Amino acid sequence: MPARTARKSTSKSKARPASARPTQLAALSSRELIDRLAEVARIGALFIEGEDCENLLVPEARQWTDPDDINFDAKVAVGVKKTLLRIERIERFPYHAIIWRRRPDDPDRGEIMLAGSMSSSYSLGKKVNPPLLPELRRVFETGRPAVRRGRNEDWESVTQFRYGHVWLMAHDSLLRAGRRLISHFSPIRDSRDKVVAALELTCVGTDS
Amino acid sequence: MSAKLKLRAFDSWQRVCPATGQLLEPGSIQFDGGVRLRGGRGEFASFQIVLGPFDRPGRLSAEVSLTALRGRKASIAAGQYDLLAEWYVHSGEPMKRRGEKAPKPGPAAGRFVPDLLVPLRVYDGRLPLGLPGNQVPGQRYQGLWVDLFIPADTAAGSYSGRVKVEAGGQSFDLPVELEVDRYRAGDDVGFTFMMNNYCDSISSGWPALRDNLDRHRTALYRRVERSFWRVAHDHRCVFYYLPYTHSGYIYPTFAPPLTGGGPDKRVASWTEWDRHFGGYFDGSAFKGTRRGPIPVPRFFLPMSLDWPASFLKWDRPGYADEFKAVMGQMAAHFKAKGWTKTTFDMFLNHKQRFKLYPWDCEEVRFLEDNEVHYKFRKLWEGTLDHKTTRPVRFDYTDGTTWVVHDDMRSAMSEFLDVYICSSTATALDQKLGTKLRKQGRHFCLCGGGASMADSLRATAFWPLQLWVWGGDSFMVWLSMEWGDEAISSLPSNGRLTFLYPGHRFGLDEALPSLRLKTVRDVLQTIGRLEAALGHGADNEPARRQAARAMGMPYATWFPKPDPTFSGSEEKPAAGWARTTLENFRALADKAIELTR
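Enquirer: I'm lost on the overall build of chain B in this one. Help?
Expert: For chain B, the helix and strand inventory stands at 12 helices and 24 strands. For 596 residues, the compact-globule formula gives about 25 Å, and the C-alpha radius of gyration of chain B, at 24 Å, lands near that figure. C-alpha extents for chain B along the principal axes are approximately 80 × 50 × 50 Å. Looking at chain B residue by residue over its 596 residues, the buried ones come to 55%. Counting only contacts in chain B whose residues sit at least 6 apart along the sequence, the fraction spanning at least 24 positions is 72%.

Structure representation (structure tokens):
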């Protein structure tokens, strides 16, 4: 059961198996999901300030390269985090919102900066900033959104299942059944209209 | 022509190479002429049988039978024995510690060693000589672990019985002698091993669970999960299961459903959550275990930055309203249920490095991150502090790995109940545990365990050292790191693996590691020392006496201050190589002498 629906089940007074509960997700084709994510991205970008994305980390931490060395500016980051959580509530099917940047020391690598309710499936764990996905490169270099559809074999193996990506656990059997992850990447601009970050909205597709 | 099988019997310290029959633990006792055990009431005593050489694994099997143990006026039923076939796992290389030269490999390094223990009932009560699927190259020897539980109401005295083994047309018959002393292991585990894990690290061991997105509502999941708690319980350990992820995501049934918002937020129903967890708190989940239905001493609450209050309301009045409303109900519910024997731990596990929240809520490295705890203090006091919730107890728990000495000197010390520290916390202050205890605080030491490639003495020294340092408990940050389904090797050389999934053997239960038995036995010894001399942190003389019994000066047990130490680089059991099995036997003798 997609994680967001699971979370919704904790706020309902009537407990019934999640598998019996209808979800709008099943009624949408992947094409429709992509269109909806694009609309969410359009709305969401209205509420994310590019400078806030640049200032998520305290100044001295922005260049740090060791993945254990992270120091957020909590005042900025709390606001952005809440915005990501609200973006995840625009539509009623489950998806997650994540902010990326290009590594300042290595622009051919991306770095997850902050996530809403779950991190990106393209995270390789805290130790590694992944190579810049072609879709992310397109966002940063052209300012145009891009969609990526991935397969389960792109991700960590099942043995990492337990404490790697939580939402891969939640979606694992859907993915192994051939469903694809959909990620919609869109630009976040600063006040000078420069693309300084990318917003990823990601969900499990409804067809193979 | 096949060589004749030989039967060798050893104490619980030995590991025998399955290929060569070589003894991997110098100083272990080989029982010639009969097995000799000793123990107190409510304790376990163990021995091992090794058969071999055989010419081909799987061709033969052994029938093992044990009689009851008869004393002068009483007996211990044969049903108190647990027979566990030894499954061999590759040990990998010895652990190299940062800044040190690679150690010279000991005899257990780089070979298959017994670790996973499989109930003999899997094999219809017969011990295959070479367990199916174990695939140890060149295996010629097979071990069997024998656990004996001495029931709490056993009369002190001498008992005797026999163990008979038939295999390959040969018969072996050994007497078993047991000496039971008057000491009774208490229900309170005292210094214990908190087997830390993260939800849902269990389901990956069972395909039927892994593939079921609704698994947490199934009887199978509950049965499997409960077995992990039960196995930990019988080893005098605590299965310490954090019910939410770094993102704050909570799996179904790991928190009660909520409804409403603001000051009206409330638990919609306790039914599912009580069914899932209530048995741990009233002890009923442990019925049928050897130690019996004793409530679990500690439990992680599902409380996080996003539960019960929504993080969307952080720093707004509604956040406090939601926290106080729901946690107040929780305290009232626990009181109504009579769950007063378990301490419920609030632990904020979020860390910046996972990019989900902007603070390190534990393992704080920048002291300004403690602002989170100061905000929670205002919510805690009047809602979950000890005075408010008595007789139910909630503890404010924090991983103060990097900053314990700062936290103890700051306002944090006014409300933190549990300090989870790194293994080098005592490098700067050997009296840290005593000081925390005097403040009424719990001192838990966290790190990784000893490597399988090192001697079992390393695994035994590790908890003992942490107790000598004054700990109230210790933990590994992960105790179920599983490798491949073939269970031929383990990540991290087994340092983070003490329980295995039984699915591979058709079992819906957890299986112990041999090293968990080693830890259990040390905890039994420490239990005796605490019973005789007081809790370690309260009684430095007790710890000094234990150090003397081990033949190692007290000051040499403590880590040296290391300015280059990163805090996250633990050095478990540093110094174990100075120990011998004679040291551990002397310590056990001392503990028995003090409690006889």
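Enquirer: Honestly, the overall build of chain A in this entry has me stumped. Any pointers?
Expert: Each helix and strand counted, chain A has six helices and five strands in total. The secondary structure elements of chain A, listed N-terminal to C-terminal, are α-α-α-α-β-β-α-β-α-β-β. By the burial criterion, 44% of the 208 residues in chain A qualify as buried. Residue pairs at least 24 apart in sequence account for 63% of intrachain contacts in chain A once pairs closer than 6 positions are excluded.

Enquirer: Sorry if this is basic, but what is going on with the environment of Pro-297 of chain B here?
Expert: All names here are of chain B. By secondary structure assignment, the location of Pro-297 is in the loop between α3 (271–282) and β17 (298–300). For the pair formed by Pro-297 and Ala-336, sequence separation is 39 residues and the distance between their alpha carbons is 18 Å. When sequence neighbours within four positions are dropped, the list of residues in contact with Pro-297 reads Val-189, Val-238, Thr-342 and Thr-343.

Enquirer: When you look at the nonpolar core in this model, what are you seeing that I'm missing?
Expert: Nonpolar side chains in soluble globular proteins generally cluster together in the buried interior. Within the largest apolar cluster, 223 residues are counted, with the highest numbers of intra-cluster contacts made by Cys-53 and Leu-56 of chain A together with Val-89, Val-118, Met-195, Tyr-419 and Cys-444 of chain B. Viewed by domain, this core spans two of them, domain 1 (6–181) and domain 2 (192–578) of chain B, each represented by three or more residues. Ignoring any residue separated from it by four or fewer positions in sequence, one finds Val-118 of chain B in contact with Leu-84, Ala-85, Trp-87, Leu-131, Phe-505 and Leu-511 of chain B.

Enquirer: Help me understand the domain arrangement of chain B, please; the structure alone is not making it clear to me.
Expert: Put simply, an interface is often sized by how much accessible area is lost when its parts join up. Residues and elements named next belong to chain B. Looking at the assigned domains, one finds that chain B contains domain 1 (6–181) and domain 2 (192–578). Spacing between the C-alpha centres of domain 1 and domain 2 amounts to 31 Å. Facing 31 residues of domain 1, the contacting portion of domain 2 comprises 29 residues. When residues of the side of domain 1 that touches domain 2 are traced back to their parent elements, those giving at least two are β3 (44–52), β7 (81–90), β8 (112–119) and β10 (142–149). Counting residues per element, the side of domain 1 that touches domain 2 draws most heavily on β8, at six residues. Class assignment for the residues of the side of domain 1 that touches domain 2 results in 16 nonpolar, eight polar and seven charged.

Enquirer: For this particular structure, what's the right way to read the confidence of the model for chain A?
Expert: Low pLDDT marks regions whose predicted coordinates should not be analysed in detail. Residue and element names in this part refer to chain A. Summarising the model, chain A shows a mean pLDDT of 79, and 71% of its residues fall at 70 or more. Taken as a whole, residues 1–23 scores under 50 in pLDDT and shows 51 contacts with residues more than four places along the chain or in a different chain. Per-residue pLDDT stays below 50 along residues 156–166; that stretch engages in 20 contacts with residues further than four places along the chain or on separate chains.

Enquirer: I keep staring at the packing of helix α10 (residues 514–533) of chain B against helix α12 (residues 581–595) of chain B and nothing clicks. Help me out?
Expert: In a pair of packed helices, the angle between the axes and the distance between the axes together describe the arrangement. Residue and element names in this part refer to chain B. Where α10 contacts α12, the two axes come as close as 9 Å, and the packing angle between them is 40°. The angle between α10 and α12 places the two elements in the oblique class. Along this stretch, α10 crosses α12, giving a crossing that reads as left-handed. Where α10 approaches α12, its residues Thr-525, Arg-528, Leu-529, Ala-531, Ala-532 and Leu-533 are matched on the opposing element by Leu-587, Ala-588, Ala-591, Ile-592, Leu-594 and Thr-595. Here the contact of α10 with α12 is composed, by residue class, of nine nonpolar, two polar and one charged.

Enquirer: Looking at this model, I keep getting lost on the sheet that holds strand β4 (residues 181–189) of chain A. Mind explaining?
Expert: The pairing of strands in a sheet comes from backbone hydrogen bonds and takes either a parallel or an antiparallel form. All names here are of chain A. Read from one edge to the other, the open sheet built from five strands follows the order β2-β1-β5-β4-β3, with strand pairing classed as antiparallel. Whereas interior strands pair on both sides, the edge strands pair on one side only; in this sheet they are β2 (110–115) and β3 (146–150). Pairs of neighbouring strands in the sheet enclose a mean axial angle of 30°, with direction left out of account. As defined by bridge partners, strand β1 (residues 96–102) adjoins β2 across five bridges and the pair is classed as antiparallel. Looking at the pairing, Ile-98 lines up with Ala-115 of β2. Where helix α2 (residues 30–45) meets the sheet, its contacts fall on β1, β3, β4 and β5 (195–204), and the angle it forms with β4 comes to roughly 25°. Where helix α4 (residues 74–87) meets the sheet, its contacts fall on β1 and β2, and the angle it forms with β2 comes to roughly 85°.

Enquirer: How do you make sense of unusual backbone geometry when you look at a structure like this?
Expert: The phi torsion of most residues other than glycine is negative, and most of the peptide bonds are trans. All names here are of chain B. Geometrically, the link from Gly-52 to Pro-53 is a cis peptide bond, its omega value of 0° lying close to zero. Residue Asp-200 follows Cys-199 across a cis peptide bond; omega there is 0°. You can see Asp-200 is positioned in the loop between β13 (192–198) and α1 (207–210). In this structure, Asp-124 is a non-glycine residue whose phi angle is positive, near 55°. Tracing the chain through its elements places Asp-124 in the loop between β8 and β9 (126–128). What makes Asp-124 exposed here is the crowd of 8 C-beta atoms within 10 Å. If you check the backbone angles, Arg-236 has positive phi at about 60° while not being a glycine.

Enquirer: What is the right way to read α3 of chain B from this model?
Expert: Working note: α-helix, 3.6 residues per turn, so residues spaced by three or four point in the same direction. Residue and element names in this part refer to chain B. Here α3 is 12 residues long and its end C-alpha atoms lie 15 Å apart, about the 16 Å a rise of 1.5 Å per residue gives. Those residues of α3 not exposed but buried are His-276, Phe-277, Tyr-280 and Phe-281. Around the axis of α3, the buried residues are gathered within 120° of arc, so they sit on the same side. Residues of α3 that are buried make contact with α2 (219–234) and β17. Gly-283, located one to two residues past α3, shows a positive phi value of around 85°.

Reading the values: the criteria
- Residues numbered from 1 in each chain as written.
- Chains lettered and ligands numbered in written order.
- Predicted model: local features only at pLDDT ≥ 70, side-chain atom pairs only at ≥ 80, totals over all residues.
- Helix = DSSP H or I, 4+ residues; strand = E, 2+ residues; numbered from the N terminus.
- Rg over C-alpha atoms; globule rule 2.2 N^0.38 Å.
- Buried ≥ 20, exposed ≤ 12 C-beta atoms within 10 Å, placed from the backbone.
- Contact = placed C-beta atoms within 7 Å.
- Core = buried A, V, L, I, M, F, W, Y, C linked by C-beta atoms within 7 Å.
- Domains from an automatic or database assignment.
- Nonpolar A, V, L, I, M, F, W, Y, C, P; charged D, E, K, R; others polar.
- pLDDT = per-residue confidence, 0-100.
- Axes fitted to C-alpha atoms, helices over the stretch in contact; angles between N-to-C directions.
- Parallel < 35°, antiparallel > 145°, perpendicular 65-115°, else oblique.
- Left-handed = near helix turned anticlockwise from the far one by under 90°.
- Pairing = 2+ DSSP bridges.
- Expected span 1.5 Å × (residues − 1).
- Arc of directions from axis to C-beta.

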